[in-house]
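Fold and contact review
What follows is the residue order along each chain.
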Amino acid sequence: MATPAGKVPIIESAGQGVRFLRENWRFGLGIAVIGAAAQTAAFVAFGLTPAWMLTAGLVSAFVPATFLNAALNGPQGAAARISIDGARVLAAMAMVGLFIAIVLFMCLYVAMSILIAPYAQEVQAAGQDSEQLMAIMNRAAAAQPQILMWGVIVAGVLILLLTSRLYLAAAASVDQNRIVVFDSWRWTKGNLLRIAGARVLLLGPALILIGAL
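These lines cover the structure that appears in this document, whether it is placed above or below. All figures in this text were calculated on a predicted structure; none of them were measured in a lab.

Here we look at the overall build of the protein
If you tally the helices and strands in the protein, you get 10 helices and 0 strands. If you list the helices and strands of the protein from N to C, you get α-α-α-α-α-α-α-α-α-α. Seen through its principal axes, the protein has C-alpha atoms that stretch 65 × 50 × 35 Å. Looking at the protein residue by residue over its 213 residues, the buried ones come to 27%. Relative to all contacts within the protein whose residues are 6 or more apart in sequence, the contacts with residues 24 or more apart total 66%. For the protein, the computed accessible surface area is about 13,500 Å², with 72% contributed by carbon and sulfur atoms.

In structure tokens, the structure reads:
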């Protein structure tokens, strides 16, 4: 079935990503190894601490920035621009992350409100006693596990859709040599589900493999 004019081709978009990595596998493997080594070294040195989280965040921005530059301009010279491109992508990711965090907080608030609604009187009686409140929360979660499950599913779908709508922020920040975020909302209009589909098709198998490993 032909893709309508102005619409993102799902299979072709995913295929382009695979084709790029296949044609530049040495470059891709080198950058991936460097990024993985940096995260592993930070984890060994710092454990699950803010220092490791900071390192992981930097790697999560600088590695994609290098891949984006290589995809847009070719692998030659991509490493030389890693600092400036990485900084722009990091800033764009931070802004998108803040937006996503606000949405997730709202989802969490709604889920918690539904979860503890049957225990409202007990919560009121507990007052500021954190131990009692935690016990009530644990009891509520154990009694209504489906609410937490659906909360996680809804949050996951929202994250996929919202990040798909803002998916061009990183690429545009590299391509236009400036921090671009919310212009992506306009550019992806009418292509949200197709972008999300292409992401799932391309990244889904990789995430399953990583999880298995």
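Observations regarding the nonpolar core
Within the largest apolar cluster, 8 residues are counted, these being Ala-92, Val-96, Ile-100, Val-103, Cys-107, Leu-162, Leu-166 and Val-181. The element that contributes the greatest number of residues to this core is helix 4 (residues 82-116), accounting for 5 residues. Aside from chain neighbours lying at most four places away, what touches Leu-166 is Val-96, Phe-99, Val-181, Phe-182, Ser-184 and Trp-185.

Observations concerning the environment of Val-59
In this fold, Val-59 is placed in helix 3 (residues 50-73). The class of Val-59 is buried, set by a relative accessible area of 13%. Here the alpha-carbon distance between Val-59 and Leu-133, two residues 74 residues apart in the chain, equals 38 Å. Among residues more than four places away in sequence, those in contact with Val-59 are Gly-35, Ala-38, Gln-39 and Pro-64.

Considering the side chain of Asn-69
Topologically, Asn-69 is positioned in helix 3. Ignoring anything within four residues of it in the chain, the contact list for Asn-69 reads Gly-74, Ala-78, Arg-81, Asp-85 and Val-174.

Description of the pattern of salt bridges
The tally for this structure, following the rule as stated, stands at 4 salt bridges. Between Asp-85 and Arg-88 there is a salt bridge, and its shortest N-O distance comes to 3.8 Å. With Asp-85 and Arg-88 both in helix 4, this residue pair falls 3 residues apart, about one helical turn. Among the residues examined, Asp-85 registers a relative accessible area of 0% and is labelled buried.

Regarding the packing of helix 4 against helix 7 (residues 145-165)
Between helix 4 and helix 7, whose axes approach to 10 Å, the crossing angle comes to 160°. When the axes of helix 4 and helix 7 are compared, the pair comes out roughly antiparallel. The way helix 4 lies across helix 7 gives a crossing that is right-handed. On helix 7, the residues touching Phe-99, Ile-100, Val-103, Leu-104, Cys-107, Ala-111, Met-112, Ile-114 and Leu-115 of helix 4 are Ile-147, Leu-148, Ala-155, Leu-158, Ile-159, Leu-162 and Thr-163. Grouping the constituent residues of the contact of helix 4 with helix 7 by class yields 15 nonpolar, 1 polar and no charged.

Examining helix 4
The terminal C-alpha atoms of helix 4, which comprises 35 residues, lie 48 Å apart, in line with the 51 Å expected from a rise of 1.5 Å per residue. Residues of helix 4 that are buried: Asp-85, Gly-86, Arg-88, Val-89, Ala-92, Val-96, Ile-100, Val-103, Cys-107, Ala-111 and Leu-115. Against helix 3, helix 6 (130-143), helix 7 and helix 8 (168-175) lie the buried residues of helix 4.

Criteria and cut-off values
Residues numbered from 1 in each chain as written. Predicted model: local features only at pLDDT ≥ 70, side-chain atom pairs only at ≥ 80, totals over all residues. Heavy atoms only, no water. Helix = DSSP H or I, 4+ residues; strand = E, 2+ residues; numbered from the N terminus. Buried < 20%, exposed > 50% of the residue type's maximum accessible area, 1.4 Å probe, protein only. Contact = heavy atoms within 4.5 Å. Areas by Shrake-Rupley, 256 points an atom, 1.4 Å probe, with all protein chains shown as cover. Core = buried A, V, L, I, M, F, W, Y, C linked by side-chain atoms within 4.5 Å. Salt bridge = Lys/Arg side-chain N within 4 Å of Asp/Glu carboxyl O. Axes fitted to C-alpha atoms, helices over the stretch in contact; angles between N-to-C directions. Parallel < 35°, antiparallel > 145°, perpendicular 65-115°, else oblique. Left-handed = near helix turned anticlockwise from the far one by under 90°. Nonpolar A, V, L, I, M, F, W, Y, C, P; charged D, E, K, R; others polar. Expected span 1.5 Å × (residues − 1).

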